[in-house]
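Single-letter residue listing:
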Amino acid sequence: MDIRAIAMGLLFAFLWSSAFTSARIIVADAPPFAISAIRFLLAGIIGIAIARALGQSWRLTPAQWRATLIFGLCQNAIYLGLNFQAMTTVEASLASIIASSMPLIVAFLGWAALREKLSPLATIGLILGFGGVMVIMWGKISHGVDIFGVMLCIVGAIALAVATLMVRGASSGGNILMIVGLQMFVGAGILLIVSLLFESWEFNWNGKMGAAFVYTLFGPGLLATWIWFSLVSRIGVVKASTFHFLNPFFGVAVAAIVLGEGFGLIDVIGVVVIAAGIFAVQISKQSDTLK
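Here the structure is a predicted model, which means the values were calculated and not measured.

Caption draft 1: View of helix 3 (residues 62–86). Across its 25 residues, helix 3 extends 34 Å between first and last C-alpha, which sits within 8% of the 36 Å expected from 1.5 Å per residue. Residue F71 marks the point of greatest curvature in helix 3, where the axis turns by about 35 degrees.

Caption draft 2: Structural view of the environment of A240. By secondary structure assignment, the location of A240 is in helix 10 (residues 237–241). Discounting residues that sit within four places of it in the chain, A240 has contacts with W228, L231, V232 and I235.

Caption draft 3: Highlighting the packing of helix 4 (residues 92–100) against helix 7 (residues 147–166). At their nearest, the axes of helix 4 and helix 7 sit 9 Å apart, and the two run at 30 degrees to each other. Relative to helix 7, the element helix 4 is oriented roughly parallel. Of the two elements, helix 4 crosses helix 7, and the hand of that crossing is right-handed. Together, L94, A95, I98 and A99 of helix 4 and V150, C153, I154 and A157 of helix 7 make up the contact between the two elements. Class assignment for the residues of the contact of helix 4 with helix 7 results in eight nonpolar, no polar and no charged.

Caption draft 4: Spotlight on the nonpolar core. Core analysis: the largest hydrophobic core is formed by 86 residues, its most contacted members being F20 and L94. Per-element tally for this core: the top contributor is helix 9 (residues 207–235), with 12 residues. Setting aside residues up to four positions removed in sequence, F20 forms contacts with Y79, N83, M87, A92, A95, S96 and A99.

Caption draft 5: Main features of the confidence of the model for the chain. For the chain, mean pLDDT is 86; residues scoring 70 or higher make up 94% of the total. The least confident element of the chain is helix 10, whose mean pLDDT is 73; the most confident is helix 2 (residues 32–53), at 93.

Caption draft 6: Quick peek at the packing of aromatic side chains. Under the definition given, this model contains eight aromatic pairs. Relative to Y79, the ring of W16 lies with its centre 6.4 Å away and its plane at 10 degrees, an arrangement referred to as stacked. One end of the pair, W16, is in helix 1 (residues 3–26); the other, Y79, is in helix 3, with 63 residues separating them in the sequence. Comparing W16 with Y79, the two get one shared label, buried. Counting every residue linked through ring pairs, the aromatic cluster contains W201, F203, W205 and F213.

Caption draft 7: Representation of the environment of F130 within the structure. One can find F130 in helix 6 (residues 120–142). For F130 and A13, which are 117 residues apart along the polypeptide, the C-alpha to C-alpha distance reads 20 Å. The contact partners of F130, leaving out residues within four places of it in the chain, are L104, I105 and F108.

Caption draft 8: Seen up close, a nonpolar patch on the surface. A cluster of nonpolar side chains, contributed by V135, F249, F263, L265, I266, V268, I269 and V272, occupies part of the molecular surface with about 710 Å² of accessible area. The leading source of residues in the nonpolar patch is helix 12 (residues 265–289), at five residues.

Parameters and conventions
Residues numbered from 1 in each chain as written. Predicted model: local features only at pLDDT ≥ 70, side-chain atom pairs only at ≥ 80, totals over all residues. Heavy atoms only, no water. Helix = DSSP H or I, 4+ residues; strand = E, 2+ residues; numbered from the N terminus. Expected span 1.5 Å × (residues − 1). Bend = angle between axes of the 7 residues up to and from the residue. Contact = heavy atoms within 4.5 Å. Axes fitted to C-alpha atoms, helices over the stretch in contact; angles between N-to-C directions. Parallel < 35°, antiparallel > 145°, perpendicular 65-115°, else oblique. Left-handed = near helix turned anticlockwise from the far one by under 90°. Nonpolar A, V, L, I, M, F, W, Y, C, P; charged D, E, K, R; others polar. Core = buried A, V, L, I, M, F, W, Y, C linked by side-chain atoms within 4.5 Å. Buried < 20%, exposed > 50% of the residue type's maximum accessible area, 1.4 Å probe, protein only. pLDDT = per-residue confidence, 0-100. Phe/Tyr/Trp six-rings, centres within 6.5 Å; stacked < 30°, edge-to-face > 60°. Patch = residues over 30% accessible without salt bridge, like charges linked within 9 Å, V, L, I, M, F, W, Y side chains within 5 Å. Areas by Shrake-Rupley, 256 points an atom, 1.4 Å probe, with all protein chains shown as cover. Salt bridge = Lys/Arg side-chain N within 4 Å of Asp/Glu carboxyl O.

Shown next, in the form of structure tokens:
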């Protein structure tokens, strides 16, 4: 892993984690599904325009089309759509911690559904990681956190994990930015239908909300997704996923700095334990690939 890959991984982890804080700001003044659909529509248009300007083709491989549809549904519509809805009642720090467990869920589903072997280190990592999540969630629940919002975050994390398992290797073949743009359209279409059925389109556009929307559109939306696909193509999904162990730290730190969300000693311990668990799982995967 060279310096460029490390820089890409660090930037991806920061952008990915900061999305929960910006989402929390946005949904205070906009219906979550509607604003998500608008965001994905604009991101899709911009992404495809840039991709075409760079000479990327509409002609994707079957694996890339499958990745486009699966990620559009699971990542954009389910994972991000449900997280935006959850942000109306759940703190950004808690949502980011739940979402950061995605690599743990991937490892668990790989073992439970795909019969993938878990090394002793990976098993310890899973126990630590999920244990840390439960410690933090238990503390939040005891202080009156919205259970329904938490469940939405959990379902979203599972959906993203399923998508990750289903599209392994689909980042090869080029046209990465085109894939990013097209999957945005998939998410926009699904969430637009959901919004028209269940939401009232009432927006309170203001400077703070607008700035958060623009940041989410270009930062966690386009840039982070492009970095992820590029990083996977450069060093592989196993090594790229190692950077997820930083997500709990970044998620809690950004929420504390921007939103003033408090966190106690139990939260700090939980974050460290989760990060250690994720790191152990990913390191065990790297060790397996070298055998």
